[in-house]
Amino acid sequence: MAWFSPRPLLLPQMLDLNAEARAKQPALIVDDLAWTWSERVTQWRRWAGVLTGLGLRKGDRVAVVMDNAPETVVALLGTVYGGFVAVPINVSVAEPAITGMLSDSHAIVLVCNGAHATRLQASVRQLPTLLARISDEPQEGWQTFSDLLTRVTPVSRAAEISPTDECNIIYSSGTTGLPKGSVHDHRCRAAWAYDMAVVLRYHPSARTLCTLGLYSNITWVAMLATILAGGSLYVTRRFDVAATIDYIAENSITHTAMVPVQLQRMLESGPIDKQRVMSLQSLMCCGSPLAPSVKQSVVDAFGNAFLELYGLTEGLVTVLQPEDMGDHLSSVGKPAPGQKIVILDNEDRICSAGESGEIVGYGQLQMAGYHDRPDANEEATWVDPDGKRWLRTGDIGKLDADGYLYLVDRKKDLIISGGQNIYPADIEAAILEHDDVGEVAVIGVASDRWGETPLAVFVGGADHEALVEWTNARVGKQQRISGAGSVVELPRNPNGKVLKRELRATYKEILKHA
């Protein structure tokens, strides 16, 4: 039996340790306001006291529908600090979807910015389980965030929790229909902090810029790694290309996490002055695959700071490190420490190197499961011969002989035309070579002759018929597109992923008789 047996270091204890060891160092910067680790922990203790005073018990859920602001950080991390479960919700989705997530999560408290409190005023009345509604601005029927913090008796320290206690629930971006929330327990979240701090090169002097919503798991990755390392979080209220570059330069930002559409906008804004971004040590991109040509442009602009991460909120991560960009630019790297990946064919047999199939993963980043969705848990599970439960990603990929992962497409985006499997990403890569196409998404639409047939929806000035002819001269016979349509912009979720389901709904029968 071990003489010394320290408890696992979990997120609430990380916050307390930073308040002790780095009391006077900056923890959070928003606009021209800054707070030390000591000051932040005081606020988290007060917020935990607010929730305790409202009658919440360990494990109760607190939903947060807030734009980026100092109060958002207090609400999210103060909830976790007190032993409660944070439920950050995407602020860009419609009221019915938010109401569905609130109901599904069994949230007892709802915290909003004033604008979101106003738009949710009517719909949240349908939720009798809500014990309290809190807004950062005075609202009829809502308690005020600042008033509660002022009057409260703070807790004295972080809650005593176990590794299997729930930490947060994060819902899929733009959830429609039946909500699907990923539950991360404290063991899992500590693993995210440790593993991402290693692969993304965090350290105690890290200055992390958060430009995405604080509800996004991509932002949580950056926050967790920064907290573990004892660095500083710099949170902006919104993303703007010029302002972001200025912010990096003026604050000597070392780390940040972005989605592809942000990087593309930065590149499109004109040449990037390398002197102004030279402080960057880790620029992580995640959310959707980057085209190799765009990836090379990012490398040219940001150099060895750029890393590409492929991952799922449910718990799987690969990283393409700067030193691997040269020979493996079109890959998404190798599994992060503690992760294993295999490729399965349609019969759930493990594929050999170079063969395409569904990506499945196993490791300590895996979520506890989907909240109240045993059906979704079963669907997302592959059980290996040893009885281990692996996570199905729904993505098609292949591993090369050296273990680098290459994405082929989304399984659900696969087009079956005339009995043949067609991967839209292959066609998209060809179309992006056209000078008058800036962005493109290829979808399958109904066809009497083929069942499905590919349609290209693009942003740019290309002539539709000419683009079809140009594309079909460059792709395989099975990959030829039957039509093209142009849009001002492709629909995307906040993480930059193209919402192909919306395109399919718009164009579903445009080529039915093709």
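Residues numbered from 1 in each chain as written. Predicted model: local features only at pLDDT ≥ 70, side-chain atom pairs only at ≥ 80, totals over all residues. Heavy atoms only, no water.

The next thing to look at is helix α13 (residues 424–431). Within α13, the full set of buried residues consists of Pro424, Ile427, Glu428, Ala430 and Ile431. Viewed along the axis of α13, the buried residues span an arc of 160 degrees, placing them on a single side of the element. (Buried < 20%, exposed > 50% of the residue type's maximum accessible area, 1.4 Å probe, protein only. Helix = DSSP H or I, 4+ residues; strand = E, 2+ residues; numbered from the N terminus. Arc of directions from axis to C-beta.)

Further remarks concern unusual backbone geometry. Residues apart from glycine generally show negative phi values, whereas peptide bonds are mostly found in trans. One non-glycine residue, His106, lies in the positive phi region at around 60 degrees. Secondary-structure assignment places His106 in the loop between α4 (95–105) and β5 (109–112). Even without being a glycine, Ser252 presents a positive backbone phi close to 50 degrees. Residue position: Ser252 is located in the loop between α9 (241–251) and β12 (255–258). Judged by its relative accessible area of 36%, Ser252 is partly exposed.

Each regular strand displays side chains that alternate between the two surfaces of the sheet. As paired elements, β5 and strand β6 (residues 132–135) share four bridges and run parallel to each other. Note that in β6 the partner of Leu110 across the bridge is Arg133. By the bridge criterion, two bridges tie β6 to strand β7 (residues 143–144) in an arrangement that is parallel. When the bridges of β7 are listed, Ser135 appears paired with Thr144. (Pairing = 2+ DSSP bridges.)

With that settled, the discussion passes to the pattern of salt bridges. The final tally for this structure, using the stated rule, is 18 salt bridges. Between Asp165 and Lys58 there is a salt bridge, and its shortest N-O distance comes to 3.3 Å. Of this pair, Asp165 sits in the loop between α6 (145–151) and β8 (166–171) while Lys58 sits in the loop between α2 (37–53) and β3 (61–65), and the two are 107 residues apart along the sequence. Residues Glu439 and Arg492 are paired through a salt bridge, measuring 2.2 Å at the closest nitrogen-oxygen approach. Linking Glu439 in strand β25 (residues 437–447) with Arg492 in the loop between β27 (483–486) and α15 (500–507), this pair joins segments that are 53 residues apart in sequence. With a relative accessible area of 18%, Glu439 lands in the buried category. For Arg492, a relative accessible area of 26% puts it in the partly exposed group. Here the salt bridges share partners, and the residues they tie into one network are Arg7, Arg157 and Glu160. (Salt bridge = Lys/Arg side-chain N within 4 Å of Asp/Glu carboxyl O.)

Looking at the secondary structure, you find Ser331 in the loop between β15 (316–320) and β16 (334–335). For Ser331, a relative accessible area of 0% translates into the label buried.

It is worth spelling out the packing of aromatic side chains at this point. Tallied over the entire structure, the rule returns five aromatic pairs. Ring centres 4.8 Å apart and planes at 20 degrees place the aromatic pair Trp47 and Phe145 in the stacked group. With Trp47 in helix α2 and Phe145 in helix α6, this residue pair connects regions lying 98 residues apart in the sequence. The pair Trp47 / Phe145 is uniform in exposure class, with both members buried. Where Tyr234 meets Tyr247, the ring centres are 6.2 Å apart and the plane angle is 80 degrees; that geometry is what we call edge-to-face. With Tyr234 in strand β11 (residues 232–235) and Tyr247 in helix α9, the pair connects residues that are 13 residues apart, well separated along the chain. Here the aromatic cluster, defined as three or more aromatic residues joined through ring pairs, consists of Tyr362, Trp382 and Trp390. (Phe/Tyr/Trp six-rings, centres within 6.5 Å; stacked < 30°, edge-to-face > 60°.)

Moving on, we get to the packing of helix α10 (residues 260–268) against helix α11 (residues 292–302). At a minimum axis distance of 11 Å, the contact between α10 and α11 shows a crossing angle of 65 degrees. Judged by the sense of rotation from one axis to the other, the crossing of α10 with α11 is left-handed. Counted together, Leu263, Gln264, Met266 and Leu267 of α10 and Val294, Ser297, Val298, Ala301 and Phe302 of α11 form the full contact between these two elements. A class-by-class count of the residues in the contact of α10 with α11 yields seven nonpolar, two polar and no charged. (Axes fitted to C-alpha atoms, helices over the stretch in contact; angles between N-to-C directions. Left-handed = near helix turned anticlockwise from the far one by under 90°. Contact = heavy atoms within 4.5 Å. Nonpolar A, V, L, I, M, F, W, Y, C, P; charged D, E, K, R; others polar.)

Before going further, it helps to examine the sheet that holds β27. Read across the open sheet, the three strands follow the order β25-β26-β27; overall the sheet is mixed. In the strand order of this sheet, the two ends are held by β25 and β27, each with one partner. Averaged over neighbouring strand pairs, the angle between their axes works out to 30 degrees when direction is ignored. Here β25 runs beside strand β26 (residues 451–460); their pairing, made up of 10 bridges, is antiparallel. Along β26, the bridge assignment pairs Gly444 with Pro454. Here α13 sits on the sheet in contact with β25 and β26, set at roughly 140 degrees to β25. Running at roughly 55 degrees to β25, α15 makes contact with β25, β26 and β27 of the sheet.

This part takes up α4. Looking at α4, one finds that the buried residues are Ala97, Ile98, Thr99, Met101, Leu102, Asp104 and Ser105. Those residues of α4 hidden inside the fold are in contact with β3, β4 (85–88), β5, α5 (114–120) and β8. His106 sits one or two residues past α4 and shows a positive phi near 60 degrees.

Attention shifts here to the side chain of Asp395. Within the secondary structure, Asp395 is located in strand β21 (residues 389–399). You can call Asp395 buried: its relative accessible area is 8%. A distance of 2.6 Å separates the side chain of Asp395 from the side chain of Tyr310, its partner in a polar contact. When neighbours within four sequence positions are excluded, Asp395 is seen to be in contact with Tyr310, Leu312, Gly357, Glu358, Ile359, Asp409, Arg410 and Lys411. (Polar contact = N/O pair within 3.5 Å; in protein donor to acceptor, adjacent residues only side chain to side chain.)

Taken in spatial order, the nine strands line up as β2-β1-β11-β10-β12-β13-β14-β15-β16 in an open sheet, and their pairing is mixed. Bordering the open sheet on either side are β2 (33–36) and β16, each of which pairs with just one other strand. Looking at chain direction, strand β10 (residues 207–210) and β11 are connected through four bridges and run parallel. When the bridges of β11 are listed, Thr208 appears paired with Leu233.

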